[in-house]
Amino acid sequence: MATRRTRKTPPVARQAAELAVAAPQVIALRLARLALAGPTPSARDRREFQRMGAEKAAAFAESWNAMAQQALEATPTLALSFLRSFWSPAHARSSATAVTRQVSRAALGMVRKGLAPVHRRAVANAKRLSRTKRK
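The rules we used
Residues numbered from 1 in each chain as written. Predicted model: local features only at pLDDT ≥ 70, side-chain atom pairs only at ≥ 80, totals over all residues. Heavy atoms only, no water. Helix = DSSP H or I, 4+ residues; strand = E, 2+ residues; numbered from the N terminus. Buried < 20%, exposed > 50% of the residue type's maximum accessible area, 1.4 Å probe, protein only. Patch = residues over 30% accessible without salt bridge, like charges linked within 9 Å, V, L, I, M, F, W, Y side chains within 5 Å. Areas by Shrake-Rupley, 256 points an atom, 1.4 Å probe, with all protein chains shown as cover. Salt bridge = Lys/Arg side-chain N within 4 Å of Asp/Glu carboxyl O. Polar contact = N/O pair within 3.5 Å; in protein donor to acceptor, adjacent residues only side chain to side chain. Contact = heavy atoms within 4.5 Å. Phe/Tyr/Trp six-rings, centres within 6.5 Å; stacked < 30°, edge-to-face > 60°. pLDDT = per-residue confidence, 0-100.

Q: Would you mind showing me how to read the overall build of the chain here?
A: Looking only at helices and strands, one finds three helices and zero strands in the chain. Secondary structure elements of the chain occur, N-terminal to C-terminal, as α-α-α. Looking at the 135 residues of the chain, the share that counts as buried comes to 26%.

Okay, here's the thing in structure tokens:
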């Protein structure tokens, strides 16, 4: 009897799906708030509108830093793998497979690290904004 393997949803796929749901919610809630605030927003609204811009800049910077750090951590391993494949032509085919796997893991790690700050903020904002009531 064949066994069936179950695979967990990869964190990157889950993060991307949650971000795809949360981002439009946050945009809709903030646009509604902006429309309701009118030409003279309250102090609470002004704080929220300022937070929108500041949060985006902070998430962008944090995301780029995380991706750069992940790239720096992966570079020595990838360089060593490439050098091994050149030094040992007899094992080039298996080395090429290993290098391809490592490059894929490194790229996925960079995406995961880069997506995390944006995902964290968008999901938190969707929760926070959906439960706040206009006063």
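Read on for the rest.
Q: Is there a simple way to think about a nonpolar patch on the surface in this case?
A: There is a patch of nonpolar side chains on the surface, built from Ile 27, Leu 31 and Leu 34 and spanning about 280 Å² of accessible area. As for its position among the elements, Ile 27 is in helix α1 (residues 11-37).

Q: What should I look at first to understand the pattern of salt bridges in this one?
A: Pairing between side chains of opposite charge can happen when their charged atoms approach one another. With the rule as written, the count across this model stands at seven salt bridges. In this structure, Arg 128 and Glu 48 form a salt bridge, with 2.9 Å as the shortest nitrogen-oxygen distance. Taken together, the residues Arg 128 in helix α3 (residues 92-131) and Glu 48 in helix α2 (residues 43-87) connect sequence positions 80 residues apart. Of the two residues, Arg 128 and Glu 48, neither departs from the other in class, the shared state being buried. Among the salt bridges present, the one from Arg 120 reaches Glu 62, with a minimum N-O distance of 2.4 Å.

Q: Sorry if this is basic, but what is going on with the side chain of Arg 30 here?
A: Tracing the sequence through the fold places Arg 30 in helix α1. A polar contact is formed between the side chain of Arg 30 and the side chain of Glu 55, at a distance of 3.4 Å. Beyond its immediate chain neighbours, meaning those up to four positions away, Arg 30 contacts Glu 48, Phe 49, Met 52, Glu 55, Lys 56, Asn 125, Arg 128 and Leu 129.

Q: What should I look at first to understand the environment of Ala 22 in this one?
A: Within the element layout of this structure, Ala 22 appears in helix α1. Exposure remark for Ala 22: the relative accessible area of 4% places this residue in the buried category. Here the alpha-carbon distance between Ala 22 and Ala 122, two residues 100 residues apart in the chain, equals 5.8 Å. Filtering out sequence-adjacent residues up to four positions away, Ala 22 remains in contact with Ala 122, Val 123 and Ala 126.

Q: Got a minute to help me understand the packing of aromatic side chains in this structure?
A: Within this structure, the stated rule accounts for one aromatic pair. Measuring from ring centre to ring centre gives 6.0 Å for Phe 60 and Trp 64, while their planes differ by 70°; the resulting arrangement is edge-to-face. Of the two residues, Phe 60 and Trp 64 are both situated in helix α2; the distance of four residues between them amounts to about one turn of the helix.

Q: Which parts of the structure should I look at to understand the confidence of the model for the chain?
A: Reading fine detail from the predicted coordinates is not recommended where pLDDT is low. The share of residues in the chain with pLDDT of 70 or more is 85%, and the mean pLDDT across the chain is 85. Across the chain, the element-wise mean pLDDT spans from 87 in α3 up to 93 in α1.

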